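Structural overview for review
Chain residues, written in single-letter form:
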Amino acid sequence: MSVYMVERDLKGISMEALGGAQKAAISKATEMSAAGTEIKYLRSTFAPEDGRCMCLFDANSDTDVKRLNDDAGLPYHKIVPALDLTP
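Presented here is an overview of the structure given in this document. The structure presented is a predicted model; accordingly, all values stated were derived computationally and were not measured. (Residues numbered from 1 in each chain as written. Predicted model: local features only at pLDDT ≥ 70, side-chain atom pairs only at ≥ 80, totals over all residues. Heavy atoms only, no water.)

1. Details of the side chain of Lys-28
- Among the secondary structure elements, Lys-28 is positioned in helix α1 (residues 15-34).
- Among the polar contacts made by the side chain of Lys-28, one reaches the side chain of Glu-31 at a distance of 3.0 Å.
- Lys-28 has contacts with Leu-68, Asp-71 and Ala-72, leaving out every residue within four places of it along the chain. (Helix = DSSP H or I, 4+ residues; strand = E, 2+ residues; numbered from the N terminus. Polar contact = N/O pair within 3.5 Å; in protein donor to acceptor, adjacent residues only side chain to side chain. Contact = heavy atoms within 4.5 Å.)

2. Digging into the sheet that holds strand β3 (residues 52-59)
- Pairing is antiparallel in the open sheet, where four strands are placed in the order β2-β3-β1-β4. Every interior strand has two partners, whereas the edge strands, β2 (39-47) and β4 (78-82), have only one. Taken pair by pair, the neighbouring strands of this sheet meet at an average axis angle of 25 degrees, ignoring direction.
- One ladder, built from five bridges, connects strand β1 (residues 2-9) with β4; its direction is antiparallel. Across the sheet, Val-6 pairs through a bridge with Ile-79, a residue of β4.
- Relative to the sheet, α1 contacts β2 and β3, its axis offset from that of β2 by approximately 165 degrees.
- Strands in contact with helix α2 (residues 62-72) are β1, β2, β3 and β4; relative to β1, the strand with the most contacts, it is inclined by about 40 degrees. (Pairing = 2+ DSSP bridges. Axes fitted to C-alpha atoms, helices over the stretch in contact; angles between N-to-C directions.)

Okay, structure coming up:
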C-alpha cells in the first residue's frame, strides 16, 4: 500500500463539521476495508486561517482514495501520492 494526500479547501468550516468530516472518512475507510478494499485513514492537518486541509490515507490506489471521498461526500480538489515523514 502507498500513502496518498487529499487536498481540501474547507474555508469557513466549523470545528463540529470538521470533526464530522473526519469521522466520515474513518467510517468509510472501515466500511471499505471490511468489504475487501484495503484503505486506512491516517491523519489530517487543518489550517483554519485559510481553510487548507490535508488528509493522508494508506491505500492501494488513488482510485480507492477518490472513491472513499466521493462516497463519503467529502470535498477535495486534488489527490496525490505522498511520503508520510512522521518520525
